Structure formats: structure tokens, C-alpha cells
Amino acid sequence: MYQAAYLFVIFLVFRVITGAFLFGKWRQTKKQNLLLLVIFFFMNALTLLFLVFENLMLYDVNTIITMVIGLVFIDRTFYQDRKSPFKLLLALTLVLGALSVVFLMIFQQSIIFEPNTSFLLHNIFVGADFAIFGLWSFIAAASSLKTFSSSDAVEPWVKGRYRLVKFYSICIILVGSLTLFTPVEGTVNWALLVILVANILRIAGETIAWIMPNFLKKYYNRGYTTTALIEELSEEEIMEGMR
Amino acid sequence: MSNVTNFFGEYLASLTEKETRSCKGMIRLAVLDKFPGKTPEQINFNELKEVFNTSLKERLDNVSTPNTEQISQNIASYLVKNQSLLTMA
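Residues numbered from 1 in each chain as written. Chains lettered and ligands numbered in written order. Predicted model: local features only at pLDDT ≥ 70, side-chain atom pairs only at ≥ 80, totals over all residues.

## Brief notes about the overall build of chain A
On a plain count of helices and strands, chain A comes out with nine helices and zero strands. Each helix (α) and strand (β) of chain A, taken in turn from the N terminus, gives the series α-α-α-α-α-α-α-α-α. Its C-alpha atoms give chain A principal-axis dimensions of about 80 × 35 × 30 Å. When burial is assessed residue by residue, chain A has 37% of its 243 residues classed as buried. For chain A, contacts bridging at least 24 residues in sequence account for 68% of all contacts bridging at least 6. (Helix = DSSP H or I, 4+ residues; strand = E, 2+ residues; numbered from the N terminus. Buried ≥ 20, exposed ≤ 12 C-beta atoms within 10 Å, placed from the backbone. Contact = placed C-beta atoms within 7 Å.)

## Observations regarding the interface of chain A and chain B
Accessible area lost upon the coming together of the parts is a frequently used measure of interface size. On the side of chain B, 30 residues touch chain A, which itself brings 31 residues to the contact. Sorting elements by how many residues they give to the side of chain A that touches chain B places helix α9 (residues 235–242) of chain A first, with five residues. Here the side of chain A that touches chain B is built from residues that sort into 14 nonpolar, ten polar and seven charged. (Nonpolar A, V, L, I, M, F, W, Y, C, P; charged D, E, K, R; others polar.)

## Observations regarding the environment of Gly176(A)
Residue and element names in this part refer to chain A. By the secondary structure assignment, Gly176 is in helix α6 (residues 156–179). For Gly176 and Gly127, which are 49 residues apart along the polypeptide, the C-alpha to C-alpha distance reads 3.9 Å. Aside from chain neighbours lying at most four places away, what touches Gly176 is Gly127, Ala128, Phe130, Ala131 and Gly134.

## What about the nonpolar core?
Of all hydrophobic cores here, the largest spans 80 residues; its most connected members are Leu37(A), Val175(A), Phe7(B), Met26(B) and Ile27(B). Excluding residues within four positions of it along the chain, Phe7(B) makes contact with Phe148(A), Ser151(A), Ala153(A), Val154(A), Asn82(B) and Leu85(B). (Core = buried A, V, L, I, M, F, W, Y, C linked by C-beta atoms within 7 Å.)

## Points about the environment of Glu206(A)
Residue and element names in this part refer to chain A. Here Glu206 shows up in helix α7 (residues 190–211). Taking the C-alpha atoms as reference points, Glu206 and Trp190, separated by 16 residues in sequence, lie 24 Å from one another. Setting aside residues up to four positions removed in sequence, Glu206 forms contacts with Thr18 and Tyr168.

## Looking at unusual backbone geometry
Residues and elements named next belong to chain A. Here the phi dihedral of Asp81 falls at roughly 60 degrees; this positive angle occurs in a residue that is not glycine. For Asp81, a count of 14 C-beta atoms within 10 Å corresponds to the partly exposed category. Positive phi, close to 35 degrees, is recorded for Met212, a residue that is not glycine. Tracing the backbone shows Met212 in the loop between α7 and α8 (214–220).

Shown next as C-alpha cells:
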């Protein structure tokens, strides 16, 4: 295996762990959007596997499918019964994805354009897909958090999870924006290194956000006292309190 | 871990001007009416919306709360706006 492949395998392991953890949560709650997230993480792991084996075509196709699942997750989690740009973003993702595949084929066959030109165009389309996904994820999390950020009814760790979603969404946008500057296969430049760091931060952010260990929840909740005393009230007391 | 109950309970308290803990209890009872054995944290968006539109409204009617139709609509709209809490919390 080439050197970077070891790093991709580490990324892959984190994706599988997060996916497996969320699968357990889904089995408990049966909430459909959690299942979408499970599929998103497993598909992402598969994408990384294609990268390990240097199959760029399957990597591209799988990336597009993963993005689509990610968009469906955002729509089902934040935008049910609300005005949503989902259809527009889905169409854009598919068109850009198809173009990236076409230009990758052109690059691999070395037809029509210079290889550098077709690879650059391929990177632009792939990068745009990442940027669209990251931007919508950021907007969805930021606008939701804004509506209850001052509410004491929501525990600080939950707000922390939204902030982590915002954080890793920025990393995804950064990855997408810099993909344009990545060099043709086999070489390394500054953009590739920044993308690598952004990906490490993204994966760390996603893992922490969705697994959120208890010690971190406790850390976020330090000094927070819940006002929930509902278990102490009987049905009669509740109904009486409402009269 | 009762973010959903607390969040919508507090909102119901602001709408009805009743005690917050009674409103939180009211939401729990309304969920139990529709989905026995479940808590607001265990149901999905469509189920909670249905609760707000039916059993919560009925319970508010039973205690002679004024404007129950409006309250039911407002809390359902509030849910639509904050639906992500059902997954994120």
C-alpha cells in the first residue's frame, strides 16, 4: 500500500465505529433519519476503501451517492414540513457529480483535453459537491441552534453537538473549496496538505459529535441544573396544575 | 435526558401561562395517550406533531384552557421549526 493509504484506513475505521454506534442508537429509537446517518457513515467508509485501492471512478460515484444520502438526512432532520432547498441541491449535486465522472473518464482516457485540464475540471465539480453539502449542513445547524441557544430547557451538550456540526461543516466546505487546487495524481502540494488536516478535523468532529462520550456530555453540562421534576407529579396533580 | 419534554413543556407554559412542570407533565401525558409506554424523546417528528394536534389539544380542552386550537397550532409550528432536536438531543 502507498503511504497515505494507512491514513485512509484509520479514517475508515473511525467511520465504521461511528456508523456502528449510530446503528445501535437506531435500533433503540427506530428513528428513520438515524438510519440515513448510519448509511451515510458506512458509505463514506466504502468511499475510503476505494481510495485505498486507488479506484478513482468508484470513489467518485460513491462520493456522489454518499452526498445524496447526506442531503436526504439534512432534509429529513431539519426541514420536514418546511420550505427546503433540497430538490435544487439534489439536482445540483447529481449534475456536478455526473460532470465530475465524465471529466474523470476524459482524464483517464486522455481524450479531448489535456490531462491537466480535465483533472482540474473534475476537481472543480467534485469540490463544488463537497462545498454545497458542507454549506447546507452548516446553515441547517446554525439556524436551528440560533432558535434555542438562549433556552435553558436544552442541555448544553446538545448545543455542543450543534456547534460540532457547524465546525465539521466548515471543514467540509474547506475541503471542497481547496479541491480545485489539488495537483494531478502522484504529487503533493499545499492544498493537499490543508485538505488532509481539514479531513482529520472533520472526521474527529463527526466522531465526537455523533458518539459524544459521557465524560464530554458531563463536561458540557458542568454547572447546568435541570428543572425537570415532572416524574414527581401524578396525573391528577398535572391536570390540577393546568386548571 | 429529557430535552424534548423540557423544551416543549416550557413553550407550552409560555402559551398557557401555567406552571412549567405541569406543562411538561401535560406533554408526557399527551404522548402516553397516543403512544402508550413511550416518552416524547422516543417518538419521531410526525408522531409528536400528531400528539400536539390531537391528544394534547384534547387534554387542554379537558382542563378548559382557552384557545386550544391556537395553542395546538402554535406548538406544532414550534416543533416544525425545532424538529432537529428530536434527532440531535
